[in-house]
Amino acid sequence: MITTNKREKKDLEFVLCDIEDHVAVVTINRPPVNPLNTKVFKELLLLFGQLDEDEDVRAIVLTGSGEKAFVAGADINEMSGLDLVGIHKMNKVSRNVFTQIENATKPVIAAINGLALGGGFELALACDLRICSERAKFSFPEVGLGIIPGGGGTQRLQKIVGQGIAKELLYFGDMFDAARAHELHIVNNVVPADEVLAAAKEWAAKLAQKPPVALQMLKVAVNAGSNTDMETGLTIENTCFGNAFSTEDRKEGLTAFVEKRKPVYTGR
């Protein structure tokens, strides 16, 4: 049985975090459209590092404040004032954030409540699962600004939609709606606008009841396997299988099945 344990992580300016029943809800809070700047990236990097170490947290929901945007891209005001050295520094921090989220030991669900443009789209792609509002809009508009995505968009997008569709979305930079995002498997589910966060939290609550180590090993097997050949991927899977099999949760899961009861997982 999961017990209620509600708390907050504080001392961050642009990122909010509430933790309840083993689920952390992380909210980027720079209204009205929550643009990403260096400060936001640094706060996300710090927070996700803390959540990764927090054994009470078993699943994470990432969203944006308000109803207009998940994240409507990077902060153009900051970017326009940077030289090549400055933009490389910003990109280093943003890349670290996206990698941290992608490789987090807990599943991360993006609750896309509105616009997901540029860096916001990249942020969503770094998550494991994506639920979006029926009013959500997506695009990579960078080419129209004389630049290209710099936070993994050219790489993560093509792994989901294939190279041809990725080039179409990246080259033209046109905005597309939630229905097409679902058709292209960019999002897992589309829900009414007022149900996005609740739907993401419902999924997170279900994941929080599953064995944490097994979920972590699943994530490692899928992520690492997608970047290698089949034989190496099978070896990675076998190692992850062994790691999950050696846990106390495996014993609990098999015993509960035999005893026809609901398992209680401890993450051990």
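Structure report, in brief. What you are looking at is a predicted structure, and each value in this text was computed from that prediction instead of being measured.

Some words on the environment of L82
So, step 1. Within the secondary structure, L82 sits in the loop between α2 (76-79) and α3 (84-102).
So, step 2. With 183 residues separating them in the primary sequence, L82 and Y265 have C-alpha atoms 49 Å apart.
So, step 3. Ignoring sequence-local partners within four residues, the contact set of L82 consists of I87 and M90.

Examining a negative patch on the surface
So, step 1. On the surface, a cluster of negative charge is made up of E67, E134, D194 and E195.
So, step 2. In this structure, D194 sits in the loop between β11 (189-191) and α8 (196-208).

Observations concerning the pairing of strand β6 (residues 108-112)
So, step 1. With five of five residues buried, β6 lies mostly within the body of the structure.
So, step 2. Side chains V108, A110 and I112 project from β6 onto one buried face, and the interleaved I109 and A111 project onto a second face that is buried too.
So, step 3. Taken together, the four bridges between strand β4 (residues 59-64) and β6 define a ladder with parallel strand orientation. Within the sheet, the bridge partner assigned to I60 lies in β6 and is V108.
So, step 4. Pairing of β6 with strand β8 (residues 129-133) involves four bridges; the strand directions are parallel. Directly across from A110, in β8, lies its bridge partner R130.

Structural notes on the side chain of S65
So, step 1. Mapped onto the elements of the fold, S65 is located in the loop between β4 and β5 (69-72).
So, step 2. Side chain to side chain, S65 and N34 meet in a polar contact 2.9 Å long.
So, step 3. Contacts of S65, omitting those with residues within four sequence positions, involve T27, I28, N29, R30, P31, N34 and N113.

Brief notes about the packing of helix α5 (residues 153-161) against helix α6 (residues 163-172)
Two measures define how a pair of helices packs: the angle their axes make with one another and the distance between the axes.
So, step 1. Where α5 contacts α6, the two axes come as close as 7 Å, and the packing angle between them is 130°. Comparing their axes, α6 and α5 come out oblique. Here the hand of the crossing between α5 and α6 comes out right-handed. Where α5 approaches α6, its residues T154, L157, Q158 and V161 are matched on the opposing element by Q163, I165, A166, L169 and L170.
So, step 2. Residue composition of the contact of α5 with α6, grouped by class: six nonpolar, three polar and no charged.

Comments concerning unusual backbone geometry
Residues other than glycine predominantly adopt negative phi, and peptide bonds predominantly adopt the trans conformation.
So, step 1. The omega torsion across P31 and P32 is 10°, close enough to zero to call that bond cis.
So, step 2. Following the sequence through the fold, P32 ends up in the loop between β3 (23-28) and α1 (38-53).
So, step 3. Although it is not a glycine, N34 sits at a positive phi angle of roughly 55°.
So, step 4. Position of N34 relative to the elements: it lies in the loop between β3 and α1.
So, step 5. For N34, a relative accessible area of 0% gives the class buried.

Quick notes on the rules
- Residues numbered from 1 in each chain as written.
- Predicted model: local features only at pLDDT ≥ 70, side-chain atom pairs only at ≥ 80, totals over all residues.
- Heavy atoms only, no water.
- Helix = DSSP H or I, 4+ residues; strand = E, 2+ residues; numbered from the N terminus.
- Contact = heavy atoms within 4.5 Å.
- Patch = residues over 30% accessible without salt bridge, like charges linked within 9 Å, V, L, I, M, F, W, Y side chains within 5 Å.
- Areas by Shrake-Rupley, 256 points an atom, 1.4 Å probe, with all protein chains shown as cover.
- Salt bridge = Lys/Arg side-chain N within 4 Å of Asp/Glu carboxyl O.
- Lys, Arg positive; Asp, Glu negative; His and termini not counted.
- Charge placed at Lys NZ, Arg CZ, Asp CG, Glu CD.
- Buried < 20%, exposed > 50% of the residue type's maximum accessible area, 1.4 Å probe, protein only.
- Pairing = 2+ DSSP bridges.
- Polar contact = N/O pair within 3.5 Å; in protein donor to acceptor, adjacent residues only side chain to side chain.
- Axes fitted to C-alpha atoms, helices over the stretch in contact; angles between N-to-C directions.
- Parallel < 35°, antiparallel > 145°, perpendicular 65-115°, else oblique.
- Left-handed = near helix turned anticlockwise from the far one by under 90°.
- Nonpolar A, V, L, I, M, F, W, Y, C, P; charged D, E, K, R; others polar.

What is shown is where atoms sit, not what they do.
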